[in-house]
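# Structural overview for review
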Protein chains: 2
Amino acid sequence: MRTSIATVCLSGTLEEKMRAAAAAGFDGIEVFEPDLVVSDSSPEQLRDLAAELDLSLDMYQPFRDGVEVAPEAFPDSLRRLRVKCELMNRLGTSVLLVCSNVATGVLKDDAAIAEQLRAAGDVAAEYGVDLAYEALAWGAHVNTWRHAHRLVELADHPRVGTCLDSFHIFSRGDTVEGLEDCDPRKLFFVQLADAPLLKQDVLSWSRHHRVFPGEGDFDLVDLLGRLHEVGYAGPVSLEIFNDSFRQADVHRTAVDGLRSLRWLEDQTADAVRGAGGDPDRAPLMLTDLPAPQAPRAWDFLELRTRELGHVTRMLHQLGFSLSGHHRSKDSVQAWTQGPVRIVVSEDPRATAQPTRLAALGFQVTDPDVAAYRAERLLAQTADRAQLPDETVLHGVVAPDGTEIFFGPCGEQGVPPWLAEFGADPQDEAPASLLTGVDHVNLAQPWQHYDEAVLFLTSLLDLHPAPSQDVAGPSGLVRSQVMRSAGGVVRIPLNVAPMAAEQVAFTGAAYPEHIALACSDIVAVAQRARRRGLAFLPVPTNYYEDLVARFDLDADFVGMLESNGLLYDRDETGEFLHFYTPTLGEVFVEVVQRLDGYEGFGAPNAPVRLASQYRELARRDMMRS
Amino acid sequence: MRTSIATVCLSGTLEEKMRAAAAAGFDGIEVFEPDLVVSDSSPEQLRDLAAELDLSLDMYQPFRDGVEVAPEAFPDSLRRLRVKCELMNRLGTSVLLVCSNVATGVLKDDAAIAEQLRAAGDVAAEYGVDLAYEALAWGAHVNTWRHAHRLVELADHPRVGTCLDSFHIFSRGDTVEGLEDCDPRKLFFVQLADAPLLKQDVLSWSRHHRVFPGEGDFDLVDLLGRLHEVGYAGPVSLEIFNDSFRQADVHRTAVDGLRSLRWLEDQTADAVRGAGGDPDRAPLMLTDLPAPQAPRAWDFLELRTRELGHVTRMLHQLGFSLSGHHRSKDSVQAWTQGPVRIVVSEDPRATAQPTRLAALGFQVTDPDVAAYRAERLLAQTADRAQLPDETVLHGVVAPDGTEIFFGPCGEQGVPPWLAEFGADPQDEAPASLLTGVDHVNLAQPWQHYDEAVLFLTSLLDLHPAPSQDVAGPSGLVRSQVMRSAGGVVRIPLNVAPMAAEQVAFTGAAYPEHIALACSDIVAVAQRARRRGLAFLPVPTNYYEDLVARFDLDADFVGMLESNGLLYDRDETGEFLHFYTPTLGEVFVEVVQRLDGYEGFGAPNAPVRLASQYRELARRDMMRS
């Protein structure tokens, strides 16, 4: 499949956009006219740069309000068209996007419009230019792809074809049924955009909230499958107007975009094959990837710290034991408790962050396949020093900087790498109150949130649950749970308020956290307290409100308060949990789920946020 | 008028919110239950704090899904109500907000609902609590204020009344007609929120986009006028759910909120008086302010710089002459050209910003009245050292930190303070190509944008024109023109992209600029170039595109290009302009309007932004 991206998706100068698209691996680009107009490179220089970068200039766009105009205005349209065609000849691009008219008072007679398209086609032919006619969703008269295509058929000119744009189709609730019956020679261009389903006016939805395929709610697999079936031969191009992309680093946006096309291609190849077709058939040739390796279990979590004593004290308070130090890396320790393995690596440099969640390890059926798929999906490799006789862990870097490792499943869930810490597999594991990793919350910068969701979906086969907002003293925190099909792995992504003046003074990033599951939270809490752990304080008002909300027994609430536990309930079960104070940028939660409780204690999140806010303010006061 | 604010409007802890509301000057607050639940102060401690701050606790809220429930669920509602009332007794607040039910499967029979309201009233009466029943716009059965009020009348209980919320009324397109005929004793509470008219689902509109009165599109003057007419006796309270406020500094949000109420009160008093009424009549007693002093002319602009030579060189290149140095302030100079006066103050400290726009001065009919009105609208005073025999300029600080001064009109527009620079009023002013200040662009932090609009509206009587977005290489820039009724003063506010990774490396703030009007831009440009000014570069592609867009004469475009001028056209006229390079955080634009052109050259803004982006990148490269 030939991949392309419109320069409007990317930030920076036109030259920066071209270099980023080429570096990510796109075959071509669409040149967005305003990017060229503000560029200080001439069309010829841009043509040379494209040749040097081996990037094809697939389209020049947009040509607005050129057809469907009053007869007396049409000569000026043709004049404008000639100027564009001359420019396109200098630039070396041969397809021009012609948008349906959005102005008022336009031609409404289809035969007359087709006549204008044909006349425009004659002019374009003089310059060897093809016109790709696109129905804008808010076009005054032409606003469906079927109408645009009918006009193209009516015009019946070899230089006039249709441009399909998934946003303009799906945003109107339209379908692509019947696309497979079109004449493929009349389909000149395809632009893909995804979008979340929003209830707002379609113009600002289109201008601000488009996202890359797989990051929204449109059925683009169906569209691409039909394009394959009909024999579409042109580029598949991304055209995304998105406020975040415009501000983000151009290189990572380009990589995110190409990943979305590779993922979509893979999904579509699966669907085509499932329907008895051949995805590899020309001209579209949908390349597919090996199936994703969904995590079968949490392998380990890694904390990196320059305050080693703080971390190991807390782990001990929570019941962890030191399994040993890594035999070739002095600064790395493994702490375990039952099925939970936490790797602690010390980074004593004064400039290092105090404590942060550095990596997540997953056990998968075939780590090599997982790594190969990740590479094809353009994931950046996480490099770790490994000696030849040590277990190979393939690692990639997630959009938020967290490293993600794929390891083998190991015998009875015990990973082979643990032996490198001197742990003897014959040792009887001590009885453990912890039953596993319940979930891990990762903080996301807002401008990379959609990228993170697609990354976790495409590499780890995690899928988003409905998102929700949680109120804290410094603003709303968006929370989006990503979960594996069986629920083995649950990763809530948190997007913190972006420019919180209230917390700016603390200089602290929004903390991440590890939630550990246990079978007896009172025992875990009491052991931790005995070993000196001071929990994150929970206000008395909270317990009084619990009584009002749930009509709970006073003794039970007294037990919760004396053990510092929080409580929630859903239709099926109950949830008990507590939080540790924050070390650097990480804290730990211990949870106990009863009778199939499915949530994450979201009603208690504001209590935690307020308490952490006071904790930070106190710390700040002590510092000053 | 008794003023109040719901704690949900403000950021931080409940105690911080209370202190900020009291410091701003509110009479009371509504306690938002989640703020109390997460607080580590007991209800009694909060009661004491309120007493200490002289803040009344006007309402406790919300009590959700308590009425309109199935009969078998109602006993639990009453149990919850008792717990709330006990808490309210401890807290010392006596009005509880009861929301209409949003759950499904609720009671739909009005007589039965009134019966539940009456029974709830009986319970509340035991605790001396009043129930204020509010129709939520998305209530399952009760979602209009008229319906809620009819149920209150049906319930006919002294402890049961209506709560009006302007958002829930106006967001449905409803009106408050007939409000003046209600029994005022049944109107227990009024919550005000404004909002921009958005086409999106009403729940997220309500949760994220409410703004303070005067910052949106609702007709709150009409609502407040009718409350005055009907004899409403309770507090007028702000209840604003807004993503920006949640993140903003709590003190300035509180001040912004109280300013909005003072402004609304003043507007309503005018309307009541205009209709022959007496705004001062009890119980609402609408206090009004002296009329705003709209600017009659630009008085001066002040640049503050630690690179004095750069600034004076550019002023000289643009045709300004030094009028003199201030007689008591060595570091302050006045540069003039015809009616344009630029004060340049030197701040040689290495930590000072290189060059910034520090102040705007306006000539008004009565500066003392302007200053008094500003003070009543809680504007912070800008203090400048002034000797007893010097002209008194009253100054205030705008939300973005720019100082704004009110000066007298002076003879033939020449301000008396100019004499302090040694300028002799008898001097013949040299012929000037400049005809005045055309407009001044101010950069706004996104979280204070609404505050800035209300500030300029309420203090300077400027009004917003429709806003638009302008695309730059680092994201969309929102542009909102504020203009005085006659158009003498035009201030476009720019909200730059918030976390632009692309410009983060430059470390530069989004620049502000001064646009100067002239009668012969070619002469100004040629003089400037002769004096060595290098304009901000305009790419050749731009001029080629001009030909395509406007079908301009090649000689004319050649003249534009050779003089470095940009061009725009609207229905009535034409616009010629050029930009200087940026000094620190400021640049200058020179404009010439022909035949009544009304815009600001917005189509050329992307050209400027791209060129400035390249300028910054070059500067950065030279630095590294």
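If you check an unreviewed UniProt entry, chain A appears there as 3-dehydroshikimate dehydratase from Kocuria salsicia. Quoted straight from UniProt, the Cofactor (unreviewed entry) entry for chain A says "a divalent metal cation". Its UniProt record gives chain A a comment under Sequence similarities (unreviewed entry), which states: "Belongs to the bacterial two-domain DSD family."

### Side note on the domain arrangement of chain A
Residues and elements named next belong to chain A. When cut into domains, chain A gives domain 1 (3–274) and domain 2 (297–623). Centre-to-centre, using C-alpha coordinates, domain 1 lies 44 Å away from domain 2. With 17 residues of domain 1 at the interface, the matching set in domain 2 holds 15 residues. With both sides pooled, the region where domain 1 packs onto domain 2 buries about 1,500 Å², and carbon together with sulfur makes up 57% of that total. The interface formed by domain 1 and domain 2 contains two salt bridges. For the pair domain 1 and domain 2, the number of links is seven residue pairs in polar contact (both at pLDDT 80 or more). Breaking the side of domain 1 that touches domain 2 down by element, the ones donating at least two residues are helix H10 (243–247) and helix H11 (250–274). Of the residues forming the side of domain 1 that touches domain 2, the biggest block, nine residues, is contributed by H11.

### So, the relation of the copies chain A and chain B
By a simple turn and slide, chain A fits onto chain B: the slide is 0.0 Å along the axis, the RMSD is 0.0 Å, and the turn is 180 degrees. Here the symmetry operator amounts to a two-fold rotation axis. Nearest to the rotation axis, the C-alpha of Gln 200 of chain A is located 2.1 Å from it, this being the minimum over chain A. The fraction of interface residues of chain A whose copies in chain B are also interface residues reaches 100%, indicating that both copies meet through the same surface.

### Structural notes on unusual backbone geometry
Here the amide bond leading from Gln 61 of chain A into Pro 62 of chain A is cis, since omega sits at -10 degrees, within 30 degrees of zero. Mapping Pro 62 of chain A onto the fold places it in strand E3 (residues 56–63). For the bond from Ala 282 of chain B to Pro 283 of chain B, the omega torsion is 0 degrees, close enough to zero to count as cis. With respect to the helices and strands, the residue Pro 283 of chain B is situated in the loop between helix H11 (250–274) and strand E9 (297–305). The phi dihedral of Asp 461 of chain B is positive, around 60 degrees, even though this residue is not glycine. Following the sequence through the fold, Asp 461 of chain B ends up in the loop between helix H14 (449–460) and strand E18 (463–464).

### Some words on the packing of aromatic side chains
All names here are of chain A. Counting across every chain of the model gives 26 aromatic pairs over all chains. Judged by centre distance (6.4 Å) and plane angle (75 degrees), the rings of Phe 32 and Phe 241 are edge-to-face. Taken together, the residues Phe 32 in strand E2 (residues 28–32) and Phe 241 in the loop between strand E8 (236–238) and H10 connect sequence positions 209 residues apart. For the residue pair Phe 32 and Phe 241, the accessibility class agrees, reading buried in each case. Against the face of Phe 535 rests Arg 529, its NZ or CZ located 4.3 Å from the ring centre.

### Regarding the side chain of Thr 402 of chain A
All names here are of chain A. When you line up the elements, Thr 402 lands in the loop between strand E15 (394–397) and strand E16 (403–407). With relative accessibility at 3%, the residue Thr 402 sits in the buried group. Setting aside chain neighbours within four positions, we find Thr 402 in contact with Ala 358, Ala 359, Leu 360, Val 396, Val 397 and Leu 442.

### A word on the pairing of strand E6 (residues 160–165) of chain A
All names here are of chain A. Of all six residues that make up E6, six are buried, and the element is covered over most of its length. Of the strand pairs in this sheet, strand E5 (residues 130–134) and E6 are connected by three bridges, and their pairing is parallel. The residue bridging Tyr 133 from the neighbouring strand is Thr 162, located in E6. In this region the chain leaves E5, passes through helix H6 (residues 145–155) and returns to the parallel neighbour E6; the handedness of that crossover is right-handed. Looking at chain direction, E6 and strand E7 (residues 187–192) are connected through four bridges and run parallel. Following the sheet pairing, Asp 165 is matched in E7 by Gln 191.

### So, the packing of helix H4 (residues 74–91) of chain A against helix H17 (residues 540–550) of chain B
When two helices pack together, you describe them by how their axes are tilted relative to each other and by the distance separating the axes. Taken N-terminus to C-terminus, the directions of H4 of chain A and H17 of chain B make an angle of 155 degrees; their axes are 8 Å apart at the nearest point. One way to sum up the angle between H4 of chain A and H17 of chain B is to call them roughly antiparallel. On H17 of chain B, the residues that touch Arg 79, Arg 80, Val 83, Lys 84 and Arg 90 of chain A of H4 of chain A are Glu 544, Asp 545, Val 547, Ala 548, Arg 549 and Phe 550 of chain B. A breakdown of the residues in the contact of H4 of chain A with H17 of chain B according to their chemical character gives four nonpolar, no polar and seven charged.

### Side note on the pattern of salt bridges
Residue and element names in this part refer to chain A. If you walk through the whole model with that rule in mind, you get 57 salt bridges over all chains. We note a salt bridge from Arg 82 to Glu 126, for which the minimum N-O separation is 2.9 Å. Of this pair, Arg 82 sits in helix H4 while Glu 126 sits in helix H5 (residues 110–126), placing them 44 residues apart in sequence. On the accessibility criterion, Arg 82 (30% relative accessible area) is partly exposed. Judged by relative accessible area, which is 54%, Glu 126 ranks as exposed. Residues Glu 239 and Arg 210 are paired through a salt bridge, measuring 3.6 Å at the closest nitrogen-oxygen approach. Placement of Glu 239 in the loop between E8 and H10 and of Arg 210 in the loop between helix H8 (202–208) and helix H9 (220–230) is noted, with a sequence separation of 29 residues between them.

### Notes on the state of the cysteines
Residues and elements named next belong to chain A. One pass over the structure, following the stated rule, counts zero disulfides over all chains. Cys 85 forms no disulfide, and the closest cysteine sulfur to it belongs to Cys 99, at a distance of 15 Å. Since its relative accessible area comes to 0%, Cys 85 is described here as buried.

### Some words on the UniProt feature "binding site: Mg(2+)" (unreviewed entry) in chain A
Residue and element names in this part refer to chain A. Those places that UniProt annotates as "binding site: Mg(2+)" (unreviewed entry) correspond, in this numbering, to His 439, His 513 and Glu 589. The greatest C-alpha distance among the annotated residues, which extend across 151 residues, is 9.4 Å, indicating that they converge on a single site. With respect to the helices and strands, the residue His 439 is situated in strand E17 (residues 434–444). A distance of 2.6 Å separates polar atoms of two side chains, one belonging to His 439 and the other to Asp 438. Tracing the chain through its elements places His 513 in strand E22 (residues 512–518). For His 513, a relative accessible area of 4% puts it in the buried group.

### What about the sheet that holds E15 of chain A?
All names here are of chain A. Reading across the sheet, the eight strands line up as E10-E11-E12-E9-E13-E16-E15-E14 and stay open at both edges, with mixed pairing between neighbours. Each edge of the open sheet carries a strand with a single partner, namely strand E10 (321–325) and strand E14 (380–381). Pairing geometry for E15 and E16, over four bridges, is antiparallel. Looking at E16, one finds that Val 396 is bridged to Ile 404. Strand contacts of helix H13 (residues 367–376): E15 and E16, with the helix running at about 145 degrees to E16, the strand carrying the most contacts.

### As for the interface of chain A and chain B
Counting residues at the interface gives 59 residues for chain A, matched by 59 residues for chain B. Roughly 4,500 Å² of surface becomes buried between chain A and chain B when both sides are summed, with 51% attributable to carbon and sulfur atoms. On inspection of chain A and its partner chain B, the count reaches eight salt bridges. Between Asp 551 of chain B and Arg 79 of chain A there is a salt bridge, and its shortest N-O distance comes to 3.4 Å. On the surface where chain A and chain B come into contact, there are 21 residue pairs in polar contact (both at pLDDT 80 or more). Within the residue set of the side of chain A that touches chain B, elements represented by two or more residues are helix H2 (33–37), H4, H10, strand E19 (468–472), strand E20 (475–483), helix H15 (501–504), helix H17 (540–550) and helix H19 (605–623) of chain A. For the side of chain A that touches chain B, the element with the highest residue contribution is H17 of chain A, accounting for eight residues. By residue class, the composition of the side of chain A that touches chain B is 24 nonpolar, 15 polar and 20 charged.

Reading guide: rules and limits
- Residues numbered from 1 in each chain as written.
- Chains lettered and ligands numbered in written order.
- Predicted model: local features only at pLDDT ≥ 70, side-chain atom pairs only at ≥ 80, totals over all residues.
- Heavy atoms only, no water.
- UniProt positions renumbered as here; feature names shortened; annotations may be inferred.
- Domains from an automatic or database assignment.
- Contact = heavy atoms within 4.5 Å.
- Buried area = accessible area lost by both parts, 1.4 Å probe.
- Salt bridge = Lys/Arg side-chain N within 4 Å of Asp/Glu carboxyl O.
- Polar contact = N/O pair within 3.5 Å; in protein donor to acceptor, adjacent residues only side chain to side chain.
- Helix = DSSP H or I, 4+ residues; strand = E, 2+ residues; numbered from the N terminus.
- Least-squares fit on C-alpha atoms with pLDDT ≥ 70 in both.
- Phe/Tyr/Trp six-rings, centres within 6.5 Å; stacked < 30°, edge-to-face > 60°.
- Buried < 20%, exposed > 50% of the residue type's maximum accessible area, 1.4 Å probe, protein only.
- Lys NZ or Arg CZ within 6 Å of the ring centre and 35° of its normal.
- Pairing = 2+ DSSP bridges.
- Right-handed = clockwise from strand over helix to strand, strands pointing away.
- Axes fitted to C-alpha atoms, helices over the stretch in contact; angles between N-to-C directions.
- Parallel < 35°, antiparallel > 145°, perpendicular 65-115°, else oblique.
- Nonpolar A, V, L, I, M, F, W, Y, C, P; charged D, E, K, R; others polar.
- Disulfide = S-S within 2.5 Å.

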